[in-house]
Amino acid sequence: MNAFIGFIMGPMVWISAMIFIFGLLIKFIFIIKEVREKEQYLLSYMTVRHSLRSICAWLIPFYPRSTRLRPVYYGVSYLFHILLFVLPVFLFSHIVLMDQSLNLSWPALHDGAADILTLAVILALVFFSLRRRLEPDVRFLTSVKDHLLILMVLLPFVTGFLAYHQVFLYEWMVIAHVLSGEFLLIIIPFSRFSHMITAPLTRAYTGSEFGHVRHAKDW
Amino acid sequence: MNENDAEIIEEATDEAVEKGLERLTSERISEVINQVLHKETGARFKAYVDTCMRCGLCSDACSYFLSNDRDPRFSPAAKVKQTIWEMLDKKGKVSKDFLRRAVHIAHLECNVCRRCSMYCPFGIDMAYMMLLVRRICHKLEITPQYIQDTVNSHSVTMNQMWVKEDEWIDTLQWQEEDGREEFEDLRIPLDKQGADIMYSVIAPEPKFQAGLIYQAAVIMHAAGMNWTMPSRPGWDNSNMAMFTGDNEISGRIARTFFETAAKLNVKRIVMGECGHAFRSTYDVGNRQLAWTMAPIEVVHAIEFYHELLTAGRITIKEKFSKKVTLHDPCNVSRGRGLHDMARKIVAMTCSDFVEMTPNREHNLCCGAGGGVINCGPPYKKERMRNNRAKAEQLAATGAEVLIAPCHNCHSGLEDIIHHYNLNMEVKFLGDVLFETMEKKIYRPGE
Amino acid sequence: MKQWVFFMVFILIMGISGLVFSREDQERLDPSAFETPRRPGAVFSHDGHNEKAGLSDNCALCHHVYENKQLVEGESSEDKTCSDCHGLKSGPENGIPLVRAFHARCRECHFDSGKGPVLCGQCHMKE
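**Describing the sheet that holds strand β8 (residues 425-427) of chain B**
Strand pairing in a sheet is mediated by backbone hydrogen bonds. Such pairs are either parallel or antiparallel. All names here are of chain B. Spatial ordering of the open sheet is given by β6-β5-β7-β8, a layout of 4 strands whose pairing is parallel. In this open sheet, the two edge strands, each paired with only one partner strand, are β6 (350-354) and β8. The sheet shows a mean angle of 40° between the axes of neighbouring strands, taken without regard to direction. Where strand β5 (residues 320-326) meets β6, 4 bridges bridge the pair, whose relative direction is parallel. Bridge pairing in β6 links V324 to F353. Its contacts with the sheet place helix α16 (residues 339-349) against β5, β6 and β7 (401-403), and it is angled at close to 135° to β6.

Next up, the structure:
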């Protein structure tokens, strides 16, 4: 058992992290390569200034009109995305493991705060799932896949939460937590989660077309 | 809504679509769809499809969605779902009923106004995808009849309305003659080599709005411009092929247009108040000819009037006193950012101006553009239903006069005003300028 | 749907039983060297562990003595606490801070020997 745990908490972490990072990187390179081969002209409309202008405008909470029209969804979604990165990276338990294997450490979140924030992420995901069932236009767009995507993010947070509180089946909970977290990392480059890198690209292109060619705002 | 709404059966209303569908075989359908979706697109298309998280933020952008009590089928992403996603899922093996619905969605439930790409957090260009669907329909030869006829006209005559060459020249000379009764030296110079400006219009102007050419000539004359109009095909700057996905004819139109200007050796092209023609020459046609930007500077009427007024070439005699509001056409506001310039012209010519909300880049589409009105009378009732949100937006202004610097918007808004009994008069910016300006007789050297 | 209800009830029962039947008092390592301990002291019974692990006459394995970063063979340090040498913060004088020292000593040995707890909560059990 220890050997199995040693594998999933050791090499497997690095393997999934590599798949995550290089998967996205390769995806990025392929996109640029394909644009250069088939749609070279797109690049001639892209400017750094207008790309950043658009991306930044969309990072300011409630600045784009669209986000003000659905403030609850947008607010929850905004916090959710921040927490999705902040929580795992600044979680004490994760930092201790990092310190153990790489002698690297950084300040950690307070455990109680992390606990509440984890609940917030879980609630946000439940909210997304309910919204997919209740809001008619979103429901129309939703397929089973979308619920699966929510489930994939939900799993590591729920299992992590339960494991922290050592409520039941502790060992299995940790193993489920580690495996679901690694699965999530691995699946990112191969699923719509890759909007991590494609969204800034599409935003940058639209921002450039609007800003550079059409002299208009796109938010 | 109930669960079955996704499978609504489209009525067979359009003869061209029906005859086209009859001719199709399932092999042909999947061959064309896969060819367009995989060979004619690239990473951008894939990114648009892969990036959409089905969040629904685009819904509120669409006037069709807003006009139909937030019916989910009219959300921009839903239109992509009912067309592109399904075509990709089924690898092009779709039924004729599916195609009938796809033609309808792409041609009549989307104005390709691009408002949704401003509401999508990722900036996904859904208008581009609707144009891809139209491209597929074009290659399958199931484009709606009326708009296809305009493309046929383009193909034969290089103008949108079957205007013959002699009719064109005749109309210009007739307007010149009328003008000279009031302004003795007024000219509409044809084919004047090396003029500063080539003035260009869309075919509906000589066909049934010749007065607009008269107005333009008066403005040019009063401002003392060195201008010309071409007598040969290439004078029409409209481009309906751009909206049917007939990229080949669209490219021919743009080439003829720019070559005409190049042969006249003009410094720049000024165009009348038309939005889609501006999109075609400023944004799309140049790309089809492999020019990053238009090879000869293209100036929309809004920019031109603004220039004449600020340079003092035109002076205002008496401001327009009725309460006016301004409609920002998608192709010159979202498409060129001319909304603030238009407001400045209104401020210089009108004394009572009220904004409609939302405005500028966020203005609601007139519901006619993007080729929708060009699909013709069979669809007018439906179009009026789909324009309810626009009607409400107009009514809320309480203005007497609605200024719309775009031909498509102009026609669409007229329809809306009649249908919804709004007591409004639609005017071009040029109409207002013509009414308020000092109509002096230009003498060289003054 | 039935399965879902069953599953939720199962989770609830497990959760409640976990709270009600709290664990009996266990022997733990003394966490008082930490200014603000984030976890309860690790469950550890000195004699029981050493008997099970067969370490009864290898005190110096844990109670080791290092000088100039070199292990001093044959000497041991039962008279000291771990925190006497391993300070809280790492630095040039303190290559292996206390947390890392504990984890390296216990957890890594459990991995190497293939026996004993290795997951956080197996040692840092809730009190």
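**A word on the pattern of salt bridges**
Going through the model one piece at a time under the given rule, you end up with 48 salt bridges over all chains. The partner of E209(A) in a salt bridge is R287(B), and the shortest N-O contact between them spans 2.7 Å. Of this pair, E209(A) sits in helix α12 (residues 195-213) while R287(B) is found in helix α14 (residues 275-288), placing the two residues in two different chains. For R268(B), the salt bridge is made with E307(B), and the minimal N-O distance between the two is 2.7 Å. Taken together, the positions of R268(B) in strand β3 (residues 268-271) and E307(B) in helix α15 (residues 301-310) put the pair 39 residues apart, joining distant regions of the chain. Because the salt bridges share partners, they merge into one network encompassing R70(A), R131(A), E135(A), D137(A), D60(B) and R70(B).

**Examining the interface of chain A and chain C**
Between chain A and chain C, the contact holds 24 residues from the first and 25 residues from the second. Both sides of the chain A and chain C interface together cover about 2,200 Å² of buried area, and 55% of this is carbon and sulfur. When the area that chain A buries against chain C is broken down by residue, the three leading residues are N2(A), Q100(A) and Q166(A), summing to 31%. Inspection of the chain A/chain C interface yields 3 salt bridges. Among the ionic pairs, D111(A) bridges to R38(C), the shortest N-O distance being 3.4 Å. For the side of chain A that touches chain C, the secondary structure elements donating two or more residues are α1 (2-8), α7 (92-102) and α11 (170-187) of chain A. For the side of chain A that touches chain C, the element with the most residues is α7(A), which contributes 6 residues. Split by residue class, the side of chain A that touches chain C holds 13 nonpolar, 8 polar and 3 charged.

**Considerations on the nonpolar core**
Residue and element names in this part refer to chain B. By size, the foremost hydrophobic cluster in this structure holds 113 residues, and its most contacted members are I84, M87, L99, M129 and I142. Those residues in contact with M129 that lie beyond four places of it in its chain are F45, Y48, V49, V80, I84 and I124. Residues I197, V218, W227 and F304 belong to the second largest nonpolar core, which totals 69 residues.

**Focus on the arrangement of the chains**
Ranking the 2 pairs of chains in contact by number of contacts places chains A and B first. Kept free of each other, chain B and chain C leave a smallest C-alpha distance of 20 Å between them.

**Quick look at helix α7 (residues 126-139) of chain B**
Every α-helix carries 3.6 residues per turn, so stepping three or four residues along brings you back to the same face. Residues and elements named next belong to chain B. Taking 1.5 Å of rise per residue, the 14 residues of α7 would be expected to cover 20 Å, and the 20 Å separating its terminal C-alpha atoms lies within 8% of that figure. Taking burial as the measure, the 14 residues of α7 include 12 buried ones, the bulk of the element. On its buried side, α7 packs onto α2 (26-39), α3 (43-51), α5 (76-89), α6 (96-108), α12 (241-244) and α13 (247-264). The N-cap residue of α7 is D125: its side-chain oxygen and the backbone nitrogen of A127 are 3.3 Å apart. Just beyond α7, the residue with positive phi is E141, at close to 60°.

**Some words on the interface of chain B and chain A**
Every contact between the two is made by 58 residues of chain B and, on the other side, 43 residues of chain A. Together, the buried faces of chain B and chain A total about 4,300 Å²; carbon and sulfur atoms form 56% of this surface. It is M53(B), R54(B) and R287(B) in chain B that bury the most area against chain A; as a group they hold 15% of the surface buried on that side. Taken together, the links from chain B to chain A amount to 6 salt bridges. Its salt-bridge partner being K27(A), residue D50(B) comes within 4.0 Å of it at the nearest N-O pair. Scanning the region where chain B abuts chain A turns up 30 residue pairs in polar contact (both at pLDDT 80 or more). Contributing elements (two or more residues each) for the side of chain B that touches chain A: α2, α3, α5 and α14 of chain B. If one sorts the elements of the side of chain B that touches chain A by residue count, α3(B) sits on top with 8 residues.

Calculation criteria
Residues numbered from 1 in each chain as written. Chains lettered and ligands numbered in written order. Predicted model: local features only at pLDDT ≥ 70, side-chain atom pairs only at ≥ 80, totals over all residues. Heavy atoms only, no water. Pairing = 2+ DSSP bridges. Helix = DSSP H or I, 4+ residues; strand = E, 2+ residues; numbered from the N terminus. Axes fitted to C-alpha atoms, helices over the stretch in contact; angles between N-to-C directions. Contact = heavy atoms within 4.5 Å. Salt bridge = Lys/Arg side-chain N within 4 Å of Asp/Glu carboxyl O. Buried area = accessible area lost by both parts, 1.4 Å probe. Nonpolar A, V, L, I, M, F, W, Y, C, P; charged D, E, K, R; others polar. Core = buried A, V, L, I, M, F, W, Y, C linked by side-chain atoms within 4.5 Å. Buried < 20%, exposed > 50% of the residue type's maximum accessible area, 1.4 Å probe, protein only. Expected span 1.5 Å × (residues − 1). Polar contact = N/O pair within 3.5 Å; in protein donor to acceptor, adjacent residues only side chain to side chain.

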